[in-house]
Amino acid sequence: MDNKKPKKPFYALPENIPTSAQIVNAARSSLRTFDTKRPNTPREEQRHLFPTSTNRAPETRPPSAFSLTSRHFEGPDSRPVSGTRLSPLDYHPKPISPLDCENILVPRPPPIDLSKAPARRGSGNRSKLPSSGEGSESSLIRSGQGDELTYSESSGEKATIGSSDLSEDSFDAKTSLPSGNAGDSRESSAGSQRSHCDGNVDVPSEPEDVYTRDVEPLVVELSSLKKKDCNRIYELAGLLYDALDKHNCLTKQFEHRANLLKTIFKLLDVEEPRVVLKLVRLILAFKVAGNNLLNVCKLIFKIGRSDKNDIYFLEDNLLNLLLETIRATDVTHSWEALIYLVGAVKFLTGNADILKRLAKLDCIKTLALLMHSINKVNGNSEKPGEHFGHILVQLTAALRNLADTSSGRDRFLTHNVIDGLVLVMETYSGDSDLMMYISRILSKSTLHTDCCSVLANLPQFYKAFVSLLKRHLMKDDLVVRLCFVIGNLTIKNDAARLKLFHESNSIETLLLILKTYLELDQQGRTRAYGPEEDLSGSVDKGETQVSKVEDVLIKVMRVIANLTINEEVGTAISKNSEFMKLLLKIIDEKDIIHHEEVIINAVVAINNLSYYIINNQSQIGLQLNIAQSLLKLLMINNMEGILEAARVFGNLTRHKQVRDYLSQNKVDAIMVTLLDSNNRELVYIACGVLINFMLDEEKRPILKKEGGIKKLLEVLRDFGKEDWQLSACVCKVLVNYSCRIHSSTNSFGQEEAIELSELLTEYIDKDMALGESLANVDDDEMKEYIEDVWHEEFYSIGSQLLKRIVSHLSPLEPLEAPS
């Protein structure tokens, strides 16, 4: 018994099952939310570091065009400022007895002058040089640092060789040591000494042997090639990467790293991007730093500016290396390199194929970590860095494109992207470029309920939102997106409505936007900021293009409409007469044929505000003004306009003086006519208005005169069992109409009265009313819900009307008085 599912109370709705009744009920609410299209984001034809409309002064932003050649790269990542070379040590070793060979760690032959050593730039004659004192000293130093060279007494061979600490940082930029220098000499000498001590030792393959056998021939050939040898450079660069990667040599500790990089740098002047990127792949894999990192990032950025080169970024593991470099780069010291590298990633996200690959590589995580790092640094600083803002512009532009991917939304939530973006909004509120990209990201992500929930639960968002609207009031592109975002939050989330309402200056700011952009619209402006738009064309066939100014009006009115769903907010806003005056001005000055979305949003906002109008004499004038403005919408063949105007009349006709005014203008007769509509929702609204009209005895005859009784019968017959809410609404009209009934035949007509009684008898019988619909449903909870809707919505009012008709239905009806 304990395992049985507990019985739900009758009022509990089925979980996770959106029923048609629920959907209709939400749509028929007196207060309505309103949805709208997401603002269009035009794709830029050319790739730029910053938007073409940026407000950044040229002197404050890094250049997007620059000259870059192989001469800009350095052999080591860092070098002494003077560039002075070190002289060999003047060292004279003591004579060594053969008996002491077991105790010798490293042999020390006489030093030689490296300045007299023969150059070996790609030469085929590779004579090995004896080890210099400088090379021996380096070995001893490494040994002292834990890179030990130990000797096995039992075998006479090396037991372990520690990894070298040498990198290109150890060499002067102007020095080009031949291979076979310290490293080769030590190997040769050590091997010779071991042979002298024990002639039967088998020497294992050493890293230097690997280099000599697999790598050096490729390097030697590369260094001999010219810029014109593109195909061979491309091929060798690939082979070199594979050889180095195979032997785990792509590290900063690799002894020949500096010389390899110098060889690669000299080839960067080749003109073919695919070849350059093959070399760039090697440079990134070696994890260069300093000036070399900056220049290679600039090079990647420069190649990425042309979409013709996108295909080359899909080769090998180049995209992986780009992301690895972003993750490994210190944002504090190498921020300029990150501007160009993240800028290149931004360009690449514009390519659909690369976008998919980046999404699989979790590029969102990489960019999110970078954003969080910048936020952390700024949080520990007195003033946010402007240079970090340059990185964030590239980063958010890339995230905007990544938000389109199938896994984008989940990644945003997993890596707290929305939280980070809100913090950036607070920190860089004056950066309109950055705020634009963030607003575009949020415009896309808040189309989804889970993202809306995350954003709605961040208290700092509301403050940032209001601050940005006030600060960038005339930047229509930004204002329209911010309003779209907050409209998405408030369409379903009641907590978000209250949080925004209670944010300081929020309602005043919304009123300011509405007033400002209405004034711009009245001046004939299509843009608040920037060049005017050409609206001669259209977006789609039959659809009129909306100007930026109108789009702001649409989005801000949607916010107002959604906010007023909450009773506290709606009551407060309705007391500010400025809102209603501005909304009515829009209705009066625009026509629905050319400005449909603007008009519809205005009417929806008016509908919600009119719900809170108090029925007293001081408010009658306002209600009559609203009714007068909306009358014109009933005279135009626009179903959406008629429907929304009828909703407002449903609120206004609660008041006698408004009913009188509308009746004088034949609105009650129009509502009767609308009962013939094929639009079930419009029929429902028309019934709602007629319920109020039938409160006045003098207005009841119009229902029968215009054929309303027969029309209501048809609605009840056609939709009765499918829509119990609509059936109940029809019964309410007839109950109000017949409240002073003396004869059912006189009130309804003889045929109509009989048919009504038959239909109602069937509809209030549970088995006859619900038998068919319940038979088609397998779920017990759904069956229970259908029964509850029928009983709560229809049964009571249907029984009341049936009882009234039957009690006044008599075969001995009095005759009408002769005329």
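Residues numbered from 1 in each chain as written. Predicted model: local features only at pLDDT ≥ 70, side-chain atom pairs only at ≥ 80, totals over all residues. Heavy atoms only, no water.

Going by the annotation in an unreviewed UniProt entry, the name recorded for the protein is Armadillo repeat-containing protein 2-like, with Biomphalaria glabrata given as the source organism.

In terms of nonpolar packing, the biggest core is built from 231 residues, with Phe-461 and Phe-649 touching the most fellow members. Aside from chain neighbours lying at most four places away, what touches Phe-649 is Ala-627, Leu-630, Leu-631, Leu-634, Leu-662, Val-667 and Val-689. (Core = buried A, V, L, I, M, F, W, Y, C linked by side-chain atoms within 4.5 Å. Buried < 20%, exposed > 50% of the residue type's maximum accessible area, 1.4 Å probe, protein only. Contact = heavy atoms within 4.5 Å.)

Bringing the pattern of salt bridges into the picture now. As enumerated under the stated definition, the model contains 32 salt bridges in all. Between Arg-213 and Asp-214 there is a salt bridge; the shortest N-O distance is 3.1 Å. Residue class for Asp-214 comes out partly exposed when judged on its relative accessible area of 24%. Residues Glu-698 and Lys-656 are paired through a salt bridge, measuring 3.3 Å at the closest nitrogen-oxygen approach. Of this pair, Glu-698 sits in the loop between α31 (680-693) and α32 (701-705) while Lys-656 sits in helix α29 (residues 656-664), placing them 42 residues apart in sequence. Judged by its relative accessible area of 53%, Glu-698 falls in the exposed class. For Lys-656, a relative accessible area of 36% corresponds to the partly exposed category. (Salt bridge = Lys/Arg side-chain N within 4 Å of Asp/Glu carboxyl O. Helix = DSSP H or I, 4+ residues; strand = E, 2+ residues; numbered from the N terminus.)

As a further point, take the packing of aromatic side chains. To describe a pair of aromatic rings, you give the distance between the ring centres and the angle between the ring planes. Tallied over the entire structure, the rule returns 11 aromatic pairs. Within the aromatic cluster, the residues linked to one another by ring pairs are Phe-301, Tyr-340 and Phe-347. A cation over an aromatic ring shows up here: Arg-274 above the ring of Tyr-234, its NZ or CZ 4.6 Å from the ring centre. The ring of Tyr-241 has Arg-281 lying over it, and the distance from NZ or CZ to the ring centre is 3.6 Å. (Phe/Tyr/Trp six-rings, centres within 6.5 Å; stacked < 30°, edge-to-face > 60°. Lys NZ or Arg CZ within 6 Å of the ring centre and 35° of its normal.)

For Gly-570, the position within the fold is in helix α24 (residues 567-574). The spatial distance from the C-alpha of Gly-570 to the C-alpha of Asn-608 is 7.5 Å, given a sequence separation of 38 residues. Those residues in contact with Gly-570, other than ones at most four positions away along the chain, are Leu-563, Thr-564, Leu-609 and Tyr-612.

Let us look at helix α21 (residues 494-502). Among the residues of α21, those classed as buried are Ala-496, Arg-497, Leu-500 and Phe-501. For α21, the arc enclosing every buried residue in end-on projection is 130°, short of the 170-degree limit, so these residues lie on one face. Its buried side turned inward, α21 meets α18 (449-456), α19 (459-471), α20 (476-490), α22 (506-522), α23 (548-563) and α24. (Arc of directions from axis to C-beta.)

So, about empty space enclosed by the protein. In the structure shown here, the tally under the stated rule is four cavities of 30 Å³ or more. Each pocket or cavity is described by its volume, and for the second largest cavity that value is around 50 Å³. What lines the second largest cavity is Arg-274, Leu-277, Lys-278, Arg-281, Tyr-312, Glu-315, Asp-316 and Leu-318. With four residues, the top contributor of residues to the lining of the second largest cavity is helix α7 (residues 273-285). Its residues assigned to classes, the lining of the second largest cavity shows three nonpolar, no polar and five charged. (1 Å grid on protein atoms, 1.4 Å probe; cavity = no way out; pocket = protein on both sides within 12 Å on 5 of 7 lines; lining within 4 Å. Points joined across faces, edges and corners; volume = space filled by probe spheres on them. Nonpolar A, V, L, I, M, F, W, Y, C, P; charged D, E, K, R; others polar.)

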